[in-house]
Amino acid sequence: MRVGIDVTPLLRAPTGIAVCTRLLVEGVRGAGHEVIGLVSGWRRMKTDARELPVPARSSWLPRILNPLFLDTLQWPSLETVLGEVDVFIATNYAIRPSRRARTVALIHDVGRLLHPSLYGRRQVWRARFMVRRCARFADILVVPTESVGREVVELGIATPDRIRVVPWSVAAAPDAPAPVTPLPTDRPLLLCVGTLERRKNVPLLVRAFQRASHDMPHDLVIAGAQGPDARQVLAAARSNGAAHRIHMLGHVAPDALAALYRRAEMAVCPFLYEGFGLTLLEAMAYGCPVLAADIPAHREVAGGAVRLVPAGDEGAMAAGLVELARDDRARSELRWRGLERSRRFTPDATRLRLQEVLADAHP
């Protein structure tokens, strides 16, 4: 089978969608299919194609013109850009007309539709248009969790028969992780990993850490790409009474991140909304106990292997930090339960689910 995949997310700043796109490419290739990539934007393709894991072709059409050309004129078709393909997988909501190919669209989450206050106005507008466009034109919709599938149905976007759940996975942890960015060696660490944006709720974690810092010896390490709310997070950290114990690392390379997970005594996920919870799964896979906000995706992925506190509750987060920091036995139990749970989310399991989706799309 020849499968086209939108690999444009691999050429942008590293995000959860980029991680999922790479897993998707590896899973489809691992199942024995030929993969051809699609990149939106000729200039991006010209400068960054060498970074792609698969051969790719470029479409010059800017996204802003998609409704006119793709929906109204039905041009250019997938076959015009990629040649003949059996299935096309839209990884970032960019559906294209096709003469023959079946289309699979990934719906990573519907947070912008459910919780618009957690996102910028432009993000919400774009999501309302693009997600519903995917539902209109795609043959199959792939979601990462049962909870996102239920949300899609409840919002009236699609019926259950068109939805397939493909949980994402984490690769095996490196045996010899890279050295950690210089950090204090005389104090234990708490680790939070995530792009600095509103739904990640990092300012609440910073405030909770200040309340808890008098009762625990830990430093807080925040690792994540700059997002739309980076300035607010930085201001909260600098004005914090425990500012000297808060370390903002920015984006961290995968090997260094592995080292951080191994060194941290606890990972903290204060997020208000997630479609899957890749950070939580990564922490469990590295044997790092997790304290997380109680949201549907976290409950589903963790399966009882993490400590949950009410989402958005600063006092509960502060209390949870202190309780787990003081309880060696609880952290040890969470470590082993997390490792056991994470073994259900393997690349082989993802590949099997993807194979089932491709078989449904192209019987």
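For the structure given in this document, a descriptive report is provided here. (Residues numbered from 1 in each chain as written. Predicted model: local features only at pLDDT ≥ 70, side-chain atom pairs only at ≥ 80, totals over all residues. Heavy atoms only, no water.)

### Here's the deal with the side chain of Lys-200
- Following the sequence through the fold, Lys-200 ends up in the loop between strand E8 (189-193) and helix H8 (202-212).
- A residue is classified by how much of its surface remains accessible, and Lys-200, at 6% relative accessible area, is buried.
- A polar contact of 2.8 Å, which involves the side chain of Lys-200, links it to the side chain of Glu-274.
- Beyond its immediate sequence surroundings of up to four residues, Lys-200 is in contact with Gly-194, Thr-195, Pro-270, Phe-271 and Glu-274. (Helix = DSSP H or I, 4+ residues; strand = E, 2+ residues; numbered from the N terminus. Buried < 20%, exposed > 50% of the residue type's maximum accessible area, 1.4 Å probe, protein only. Polar contact = N/O pair within 3.5 Å; in protein donor to acceptor, adjacent residues only side chain to side chain. Contact = heavy atoms within 4.5 Å.)

### So, empty space enclosed by the protein
- Summed over the entire model, instances satisfying the criterion amount to 1 cavity of 30 Å³ or more.
- Contributions of two or more residues to the lining of the largest cavity are made by strand E5 (102-106) and helix H15 (347-361).
- Here the lining of the largest cavity is built from residues that sort into 9 nonpolar, no polar and no charged. (1 Å grid on protein atoms, 1.4 Å probe; cavity = no way out; pocket = protein on both sides within 12 Å on 5 of 7 lines; lining within 4 Å. Points joined across faces, edges and corners; volume = space filled by probe spheres on them. Nonpolar A, V, L, I, M, F, W, Y, C, P; charged D, E, K, R; others polar.)

### Let's talk about the pattern of salt bridges
- Tallied over the full model, the rule gives 22 salt bridges.
- Linking Asp-219 and Arg-245 is a salt bridge whose minimum nitrogen-to-oxygen distance equals 3.7 Å. Here the residue Asp-219 occupies a position in strand E9 (residues 219-223), and Arg-245 occupies one in the loop between helix H9 (230-238) and strand E10 (246-250), the gap between them amounting to 26 residues.
- By relative accessible area, Asp-219 is classed as buried at 0%.
- Salt bridges here are not isolated pairs; linked through shared partners, they connect Asp-186, Arg-187, Asp-219 and Arg-245. (Salt bridge = Lys/Arg side-chain N within 4 Å of Asp/Glu carboxyl O.)

### What about the sheet that holds strand E1 (residues 2-6)?
- One open sheet holds the 7 strands; their spatial order is E3-E2-E1-E4-E5-E6-E7, and the pairing between them is parallel. The open sheet is flanked by strand E3 (56-59) and strand E7 (163-165), the only strands paired with a single partner. Across this sheet, the average inter-strand angle for adjacent strands is 25 degrees, counted without regard to direction.
- Each of E1, strand E2 (34-40), strand E4 (87-90) and E5 is contacted by helix H1 (residues 16-30), which is oriented at about 175 degrees to E1, the strand it contacts most. (Pairing = 2+ DSSP bridges. Axes fitted to C-alpha atoms, helices over the stretch in contact; angles between N-to-C directions.)

### A short note on the side chain of Thr-145
- With respect to the helices and strands, Thr-145 occurs in the loop between strand E6 (140-143) and helix H7 (146-154).
- Looking at Thr-145, its side chain comes within polar contact range of the main-chain nitrogen of Val-148, at 3.3 Å.
- Engagement of the side chain of Thr-145 in a polar contact is seen with the backbone oxygen of Gly-275, the distance being 2.8 Å.
- With residues up to four places along the chain from it excluded, the contact list for Thr-145 reads Val-165, Gly-275, Phe-276, Glu-300 and Val-301.

### Examining the environment of Pro-144
- Structurally, the position occupied by Pro-144 is in the loop between E6 and H7.
- Here Pro-144 falls in the buried class, since its relative accessible area comes to 3%.
- For Pro-144 and Val-165, which are 21 residues apart along the polypeptide, the C-alpha to C-alpha distance reads 5.5 Å.
- Filtering out sequence-adjacent residues up to four positions away, Pro-144 remains in contact with Ile-107, His-108, Val-165, Val-166, Pro-167, Trp-168, Gly-275 and Phe-276.

### Remarks on unusual backbone geometry
- Positive phi is not limited to glycine here, since Tyr-93 has a value of about 75 degrees.
- The backbone of Asn-201 shows a phi angle near 60 degrees, a positive value even though the residue is not glycine.
- Under the relative-accessibility criterion, Asn-201 is labelled buried at 12%.

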